[in-house]
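The primary structure of each chain is shown beneath.
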There are 2 protein chains.
Amino acid sequence: MAAESVGSPAESAGSLGEDRLVASVLARVTGADAPAGVGLVVGPGDDAAVLAPPVGGLVLSTDTLVEGQDFRTAWSSGADVGAKAAAQNFADIAAMGARPVALLVSLSMPGGTPAGWVEDLSAGVAAECARAGAALVGGDVSAASEVVVTGTAVGATDGVAPVLRSGARVGDVVALCGETGPAAAGLALLETGTTHSEEFARLLAAQRRPVPPYAAGPAAARAGATALIDTSDGLVRDAARIARASGVRLDLDPAALEPAPDLVAPAERLGADARTWVLTGGEDHALLACFPAGTALPPGYRAIGTVVEGSDGPPVLFGGLPWRGGSGWTHWA
Amino acid sequence: MAAESVGSPAESAGSLGEDRLVASVLARVTGADAPAGVGLVVGPGDDAAVLAPPVGGLVLSTDTLVEGQDFRTAWSSGADVGAKAAAQNFADIAAMGARPVALLVSLSMPGGTPAGWVEDLSAGVAAECARAGAALVGGDVSAASEVVVTGTAVGATDGVAPVLRSGARVGDVVALCGETGPAAAGLALLETGTTHSEEFARLLAAQRRPVPPYAAGPAAARAGATALIDTSDGLVRDAARIARASGVRLDLDPAALEPAPDLVAPAERLGADARTWVLTGGEDHALLACFPAGTALPPGYRAIGTVVEGSDGPPVLFGGLPWRGGSGWTHWA
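Fair warning: this is a prediction, and the values are worked out from it, not measured in the lab. (Residues numbered from 1 in each chain as written. Chains lettered and ligands numbered in written order. Predicted model: local features only at pLDDT ≥ 70, side-chain atom pairs only at ≥ 80, totals over all residues. Heavy atoms only, no water.)

A. How the structure looks around the overall build of chain A. When you go through chain A residue by residue, the secondary structure sums to 9 helices and 13 strands. Looking at chain A as a whole, 55% of its 333 residues qualify as buried. Taking the intrachain contacts of chain A between residues at least 6 apart in sequence as the baseline, contacts between residues at least 24 apart amount to 81%. Surface accessibility of chain A: about 12,200 Å² in total, with carbon and sulfur atoms responsible for 53%. (Helix = DSSP H or I, 4+ residues; strand = E, 2+ residues; numbered from the N terminus. Buried < 20%, exposed > 50% of the residue type's maximum accessible area, 1.4 Å probe, protein only. Contact = heavy atoms within 4.5 Å. Areas by Shrake-Rupley, 256 points an atom, 1.4 Å probe, with all protein chains shown as cover.)

Here's what the structure looks like:
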């Protein structure tokens, strides 16, 4: 069943009211067949959704996007925001070594929010759910003075032990699936007014609509990963989380973290530092894993460092040298 | 382990920062043992929580409270808001005939929000989780221009078929567990400046902190309920949802819906109508069920009407007469 339009582009969330908006979103999602592996028993529209319980562990995470803080409607379409809300939640599921199964979305927004924007957002959520192999199973619409999108993702371990942040061992290989830096570069471009650019299309898209490598989460778990996290807050900050939770240090290899060529040009143009983007830029949702030495890395992963001893002092080294700095990445040797 | 204080009452969310706030909330929840029946494998603090999958169906629902729309900090404590956020979500689980198992909470708020208020909110969430037998397993903190609290509840059917809105059959008994009206009466009192009153303490508490009868959900399912919903938007509106989903009418019995004595006095004082509170007041989160005629009603339920034929016209009757009115409960005979 095709999604029904909620009305003319001139209509707003407030003029339509909650019931019609929810009906519109439901029309979009209940028509879609839930992907195989979701086990949908009762879909949206009742007090709650019901799923067949997944095999193995049930994985749960929640994350929020706030207008003005995490996105701007001048920079991102409704579909971008919806896809990003789904992606950042599913990335947390993958970061446990698990498979995304379902998503619930709560949308708060001003009454004047164009109905077309809301439709577009739900299309973006649906598209990212489809990419993840998950189903949108529940939602809620509220009035608020700015747009707030909270997603809650449900995942399944499929019987493989979840991979925590705390299992890294001295001698492990540190590996990355995906890339860090493009989302920060895209943000820097948007902040200086570059909203459309053929040259920087990849970087702008990375900021607007991250594409986490979901399958690489379970692949890491099956390959015996000792620790796993997604790079939501920057490579160094997220590496430090693994280091602290595991009581080790992560020594990153500068040669493996050279900025991609298309990061260097905009950095020069903006007076920014491309390596800072790579090391501290957030929102890429790449997967950072540790594997026992000698592990054949799963597809998409490449070695970027080594786990070394030490639980005092700086948790992350760069080419064997301590990272020095205060609250952020203010200096590296 | 006792929850650690995040600092002096003068500290705010903004001055503490996300990491310390989250640490404070985690300290409160990770110290608490998860109740039996939750199956917590990995608690809060990693990318996602992991639970043993529940037996039978997995039940999922999400709901949001927005400052100014759903609560006012002048009227409700942080603990009230936290408890209400948990309660309205768990009520949706109970309304499927299921048992609350876990909750995730996303909290968006201004930087100036007092840290003590946030602590208080997390205490309220934790208290309602304990009352429901569920565990707080995940959370997220964001900056926003007003407080927005989104809860996502996880439940288990424990192998009993979930009770939908759509199963009511002609001849069924309509039954209510809990009371409707007190939350609306409490709101009316608050709106006219009565924030503290020994006389009306029960009504004020009903608005600030609903106490849904969670166990009555699974009890209804085991007793063979054909339809079930919680009264979040008012008895008539929620009864109409059952009626429409089931293709029947619900005929409510005026004699069974006489306002409680302590609703009559404030209604007279405020120039309001106590029966309108009973029939249209929301936020009580009582459970409205239909049972086959002759069913021994589970503890706490009392008959308030009958399911009758008819899918055209008004979905809810009152003493056999159609409810006439437009968008709301503007008249009843």
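B. Looking closely at the environment of Ala 74 of chain B. Checked against the element boundaries, Ala 74 of chain B lands in the loop between strand S3 (58-66) and helix H2 (78-94). Considering only alpha carbons, one finds Ala 74 of chain B and Leu 190 of chain B, 116 residues apart in sequence, at a separation of 9.7 Å.

C. Inspection of the interface of chain B and chain A at higher detail. In this complex, chain B contributes 51 residues to the contact, which on the side of chain A involves 51 residues. Taken together, both faces of the contact between chain B and chain A bury some 3,900 Å²; the carbon and sulfur share is 56%. Counting the contacts that link chain B with chain A gives 4 salt bridges. The shortest N-O distance in the salt bridge between Asp 47 of chain A and Arg 165 of chain B comes to 3.1 Å. Connecting chain B to chain A are 19 residue pairs in polar contact (both at pLDDT 80 or more). Elements with a contribution of two residues or more to the side of chain B that touches chain A: strand S2 (49-51), S3, strand S4 (99-109), strand S5 (135-143), strand S6 (148-156), strand S8 (227-230) and helix H7 (235-246) of chain B. When residues in the side of chain B that touches chain A are grouped by element, the largest group, 8 residues, is from S3 of chain B. Class assignment for the residues of the side of chain B that touches chain A results in 24 nonpolar, 16 polar and 11 charged. Sheet topology note: the strand S2 (residues 49-51) of chain A/S3 of chain B ladder contains 3 bridges and is antiparallel. By the bridge assignment, Val 50 of chain A is partnered in S3 of chain B with Val 59 of chain B. (Buried area = accessible area lost by both parts, 1.4 Å probe. Salt bridge = Lys/Arg side-chain N within 4 Å of Asp/Glu carboxyl O. Polar contact = N/O pair within 3.5 Å; in protein donor to acceptor, adjacent residues only side chain to side chain. Nonpolar A, V, L, I, M, F, W, Y, C, P; charged D, E, K, R; others polar. Pairing = 2+ DSSP bridges.)

D. Summary view of the pattern of salt bridges. By the definition in use, this model includes 24 salt bridges over all chains. A salt bridge links Arg 275 of chain B to Glu 258 of chain B, with the nearest nitrogen and oxygen atoms 3.6 Å apart. On the criterion of sequence distance, the pair formed by Arg 275 of chain B in helix H9 (residues 274-280) and Glu 258 of chain B in the loop between strand S9 (249-252) and helix H8 (261-270) is long-range, its members being 17 residues apart. Look at Arg 275 of chain B and you get partly exposed, because its relative accessible area is 21%. With a relative accessible area of 52%, Glu 258 of chain B lands in the exposed category. Connected via shared salt-bridge partners are Asp 46 and Asp 47 of chain A together with Arg 165 of chain B.

E. Summary view of H7 of chain B. Here H7 of chain B spans 16 Å end to end across 12 residues, near enough to the 16 Å set by a 1.5 Å rise per residue. Residues of H7 of chain B that are buried include every one of Leu 235, Val 236, Asp 238, Ala 239, Ala 240, Arg 241, Ile 242, Ala 243 and Ser 246 of chain B, and no others. (Expected span 1.5 Å × (residues − 1).)

F. Spotlight on the relation of the copies chain B and chain A. Each copy superposes on the other: chain B lies on chain A with an RMSD of 0.0 Å after a rotation of 180° and an axial shift of 0.0 Å. One copy is carried onto the other by what is essentially a two-fold rotation axis. Minimal C-alpha separation from the rotation axis in chain B is found for Pro 53 of chain B, amounting to 2.8 Å. Interface overlap between copies is the fraction of interface residues in one copy that are interface residues in the other; for chain B against chain A it reaches 100%, indicating a shared surface. (Least-squares fit on C-alpha atoms with pLDDT ≥ 70 in both.)

G. Broad picture of the confidence of the model for chain A. Residue and element names in this part refer to chain A. Looking at chain A, pLDDT values average 90 and 89% of them are 70 or higher. Counting interchain partners and residues more than four positions distant, the pLDDT-below-50 stretch residues 1-7 has 14 contacts. Across residues 325-333, where pLDDT falls below 50, the model places 19 contacts with residues more than four positions away in sequence or in other chains. (pLDDT = per-residue confidence, 0-100.)

H. Spotlight on the sheet that holds strand S13 (residues 321-322) of chain B. Read from one edge to the other, the open sheet built from 7 strands follows the order S8-S10-S7-S11-S9-S12-S13 (chain B), with strand pairing classed as mixed. Every interior strand has two partners, whereas the edge strands, S8 and S13 of chain B, have only one.

I. Here's a closer look at the environment of Asp 46 of chain B. Looking at the secondary structure, you find Asp 46 of chain B in the loop between strand S1 (40-42) and S2. Note: C-alpha distance between Asp 46 of chain B and Gly 138 of chain B (92 residues apart in sequence) is 9.1 Å. A polar contact is formed between the side chain of Asp 46 of chain B and the backbone nitrogen of Arg 165 of chain A, at a distance of 2.9 Å.

J. Quick peek at the side chain of Asn 89 of chain B. For Asn 89 of chain B, the location among the structural elements is in helix H2. Judged by relative accessible area, which is 0%, Asn 89 of chain B ranks as buried.

K. Fine view of the packing of helix H4 (residues 182-191) of chain B against helix H5 (residues 201-208) of chain B. Residues and elements named next belong to chain B. Packing of H4 against H5 leaves a shortest axis separation of 7 Å and a crossing angle of 100°. In terms of orientation, H4 lies roughly perpendicular with respect to H5. For the pair H4 and H5, contact is made by Pro 182, Ala 183, Ala 185, Gly 186, Leu 187, Leu 189 and Leu 190 and by Arg 202, Leu 203, Leu 204, Ala 206, Gln 207 and Arg 208, respectively. Here the contact of H4 with H5 is composed, by residue class, of 9 nonpolar, 2 polar and 2 charged. (Axes fitted to C-alpha atoms, helices over the stretch in contact; angles between N-to-C directions. Parallel < 35°, antiparallel > 145°, perpendicular 65-115°, else oblique.)

L. Here's a closer look at the packing of aromatic side chains. Residue and element names in this part refer to chain A. For the coordinates displayed, the defined rule picks out 6 aromatic pairs over all chains. A centroid spacing of 5.9 Å and a plane angle of 90° characterise the contact between Phe 90 and Tyr 214, whose relative ring orientation is edge-to-face. With Phe 90 in helix H2 (residues 78-94) and Tyr 214 in the loop between helix H5 (201-208) and helix H6 (216-222), this residue pair connects regions lying 124 residues apart in the sequence. Classification of Tyr 214 by relative accessible area gives buried; the value is 5%. (Phe/Tyr/Trp six-rings, centres within 6.5 Å; stacked < 30°, edge-to-face > 60°.)

M. Just the UniProt feature "binding site: Mg(2+) 4" (unreviewed entry) in chain A, in detail. Under the UniProt annotation, the feature "binding site: Mg(2+) 4" (unreviewed entry) is placed at Asp 47, Ser 61 and Asp 92 of chain A. Mapped onto the fold, Asp 47 of chain A is located in the loop between strand S1 (40-42) and S2. In this structure Asp 47 of chain A comes out as buried when scored by relative accessible area, which is 6%. Once residues lying within four places of it in the same chain are set aside, the contact partners of Asp 47 of chain A are Ser 61, Asp 92, Ala 95, Met 96, Arg 165, Leu 228, Ile 229 and Asp 230 of chain B. For Asp 92 of chain A, the position within the fold is in helix H2. The class for Asp 92 of chain A is buried, based on a relative accessible area of 10%. In this structure, Asp 92 of chain A is in contact with Ser 61, Asp 63 and Asp 230 of chain A together with Asp 47 and Ala 48 of chain B, ignoring residues within four places of it in sequence. A distance of 3.5 Å separates polar atoms of two side chains, one belonging to Asp 92 of chain A and the other to Ser 61 of chain A. (UniProt positions renumbered as here; feature names shortened; annotations may be inferred.)

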